[in-house]
Amino acid sequence: MLQIEGVSKQFATRVLLTEASAHLRQGSRVGLVGPNGAGKTTLMRMILGEDSPDKGRIRKRPHLRLGYLAQELETLTGKTVLDAAHRGQYPEHEAKRILSGLGFGEADFSRPVEALSGGYRMRVALAHLLLANPDVLMLDEPTNHLDKPTQRWFEQFLNQSGMTLLVISHDTAFLDRIATHIWDLRDHVIQEYRGNYSRFLEQRAARDEQLEASANRQSKEIARVQKFVDRFRYQANKASQVQSRIKQLDKIKRIEQTRDAKRVRFKFPLPPASGRHVFELRGVGKSYGTTVVYDSLDFTVERGQRVALVGENGAGKSTLLKMLAGVLPFDKGTRTVGHGVTLHYFAQHQAETLNPEHTILESLSEVSTQAETNFLRGLAGAFLFSGPDQKKPVKALSGGERNRVALARMLVEPANTLLLDEPTNHLDPASVDVLTDAMSDFPGTIVFISHDPTFLTRIATRVVEIDDGKARDYYGDYEYYLWKRAQELESIKESTADLSPTQKQAKTSSQSLPVTPPAEKSKAGERRELTKAQARLEKQVARAEAEVAELESRLKSREQELADPALYQDSARWNSLHEEQARWKKDLERLTAKWSDLADELEDVKKKLAVA
């Protein structure tokens, strides 16, 4: 369907592709991966004909129809949701089916597009593309604004549609569920792999291991030959042999090893601590025209909490975060900011505020006149910008790289409270790891919105579900929230098993109404909450310890099994057992990190309980 042949592309001194080639086959679902700034979006633009290669060509089947969903959408105005989605070309019932799958109700079909949140506008554009049924559907970060139920429907639709896909996504779980192939844009070329993202990681690790072994063998051979040349260079009776070996060295094509970006740990500058009470909203109401988002909301945040705001798109999460930040006025109620609170607010489109003509270092330095250059260089390095890259202008950066600069700017001047709206959007896995590590160590208060389950699991210590203008609290981490919600839903199912459909609906609605806890807790109430948290964390720590011990035991047994000489006769089984062992080792690293985080959190709760 589509052939990329020897394509090279660069902007000024920035090389993106060098004689890169790949083949997109009909019916394949390809995940295009690589670091921020590697050229993924540029490659899509060249396929679309919006940009052209410096060298090479992209061959397409005649009359090939391409559909493209970009990271940033053009504004859709003057149309209803239904009109914008099907635009008169497709049966209305099919448009409604697609829109329903993407989370729209019957009442939404007549709503003007401009009244929707950014996430829902993206869904309208996505609905139009799915209805158009192009020969090749190209998607750039399609899951950034999808909640879990909608993403599940979307994945099922893609897997059943038979569409040929080319998808840029940093959501590795999404790629695991939909991808049949991976294109790894690495070191200016495209490496093709068969299978999903997890399979790609295994194959790439094996390829890198083989490459390293070959490079080591070559290095030893070069050293051996060079030693002969150095030893006999000036002996006349060895002249012909020396010259022969010099020619041999000149003909050798050196094996270049790929080096992934070094994992960097970044520590936030320690800000002065705030008072115990950070934010308080009392009786807050907020409407957009006739749409009431909040009628009378009470909401508090206390020092040291890491609060995740979850809920469907359009529920009001970003609205709440903006009201906390003081950048969005509300219709009624009061907002109180606690003593000594200093805050940074990171909006979804924060990167758009950067001056495109400034370099990365200039962009960081304009936030503070007091920060030293060495500190700014270190900060840029922590966000994966190496020495020469720090002098790149913002206009030359990819979307993910601009997001990294915007996040780094937020950290130049220390603040004790961070308000973050989808901070991991457009970030590659390495960048997400850097940010997650930093957030885990941050000593202040965080209120954030994210659809990234890994980020949510590692960061949140309190989850607040926004639904129908209410904020329902879950005092625990993200795993606790998921477990508690599952319990609640199961309880509702059991209690409504013998009721009529009308009674079921009424009971479900009444039981799922969010309840906002009182703004001020009594001392006894606070101790109860901390005691519950301690008991829960002790169970989680014990469970994690048991899982680590069990996995260590399995690994020890596997070591003994692999050491059996008889197994060497069955290479296929040996390879299978060895690959499983490698997966277990990765699981052990993950479980150990989880146990460490839980143990730290338990220690914090014990300290709070001691002084409560």
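Residues numbered from 1 in each chain as written. Predicted model: local features only at pLDDT ≥ 70, side-chain atom pairs only at ≥ 80, totals over all residues. Heavy atoms only, no water.

1. As for the overall build of the protein chain
- In terms of helices and strands, the protein chain carries 18 helices and 18 strands.
- Split into buried and exposed, the 612 residues of the protein chain put 44% on the buried side.
- Restricting the contact set of the protein chain to residue pairs at least 6 apart, pairs at least 24 apart contribute 69%.
- Surface accessibility of the protein chain: about 31300 Å² in total, with carbon and sulfur atoms responsible for 49%. (Helix = DSSP H or I, 4+ residues; strand = E, 2+ residues; numbered from the N terminus. Buried < 20%, exposed > 50% of the residue type's maximum accessible area, 1.4 Å probe, protein only. Contact = heavy atoms within 4.5 Å. Areas by Shrake-Rupley, 256 points an atom, 1.4 Å probe, with all protein chains shown as cover.)

2. Some thoughts on helix α1 (residues 40–48)
- Residues of α1 that are buried: K40, T42, L43, M44, M46 and I47.
- Positive phi shows up at G49, right after α1, with a value of about 85°.

3. Regarding the packing of aromatic side chains
- Taken as a whole, this structure holds nine aromatic pairs when the rule is applied.
- Ring pairing ties together the aromatic residues Y193, Y197 and F200, which thus form one cluster.
- Sitting over the face of the ring of Y288, K286 holds its NZ or CZ atom 5.1 Å from the ring centroid.
- One cation-aromatic arrangement involves R554 over W584; the distance from NZ or CZ to the ring centre is 4.4 Å. (Phe/Tyr/Trp six-rings, centres within 6.5 Å; stacked < 30°, edge-to-face > 60°. Lys NZ or Arg CZ within 6 Å of the ring centre and 35° of its normal.)

4. Some points on unusual backbone geometry
- Despite not being glycine, E19 shows a phi value in the positive range, around 50°.
- Position of E19 relative to the elements: it lies in strand β2 (residues 14–24).
- A positive phi angle, close to 75°, is found at H188, a residue other than glycine.
- Here H188 shows up in the loop between β8 (181–186) and β9 (189–194).

5. Side note on the pattern of salt bridges
- Here the structure, examined in full by the defined rule, presents 34 salt bridges.
- Across the pair E106 and K96 runs a salt bridge whose closest N-O atoms are separated by 3.6 Å. Highlighted residues: E106 in the loop between α3 (92–101) and α4 (118–132) and K96 in helix α3, separated in sequence by 10 residues.
- Of the residues examined, E106 reaches a relative accessible area of 57% and is grouped as exposed.
- Residue K96 is classed as partly exposed on the basis of its relative accessible area, which comes to 24%.
- In this structure, D108 engages R111 in a salt bridge whose closest nitrogen and oxygen atoms are separated by 3.5 Å. (Salt bridge = Lys/Arg side-chain N within 4 Å of Asp/Glu carboxyl O.)

6. A closer look at the packing of helix α7 (residues 197–232) against helix α8 (residues 239–251)
- It is at 9 Å that the axes of α7 and α8 come closest, and there the two elements cross at 145°. Crossing of α7 over α8 shows left-handed handedness. Here α7 contributes E221, I222, V225, Q226, F228, V229 and F232 to the contact with α8, which in turn contributes Q241, V242, R245, I246, Q248 and L249.
- Here the contact of α7 with α8 is built from residues that sort into eight nonpolar, three polar and two charged. (Axes fitted to C-alpha atoms, helices over the stretch in contact; angles between N-to-C directions. Left-handed = near helix turned anticlockwise from the far one by under 90°. Nonpolar A, V, L, I, M, F, W, Y, C, P; charged D, E, K, R; others polar.)

7. Description of the sheet that holds strand β4 (residues 55–60)
- Pairing within the open sheet is antiparallel, and its three strands lie in the order β2-β1-β4. Of all strands in the sheet, those bounded by a partner on one side alone are β2 and β4. Adjacent strand axes in the sheet meet at a mean angle of 20° when their direction is disregarded.
- Here α1 sits on the sheet and contacts β1 (2–11), β2 and β4; the angle it forms with β1, its principal contact strand, is near 125°. (Pairing = 2+ DSSP bridges.)

8. Here we look at the side chain of T42
- Locating T42 in the fold gives a position in helix α1.
- Every residue in contact with T42, bar those within four places of it in the chain, is listed here: K9, F11, L16 and D51.

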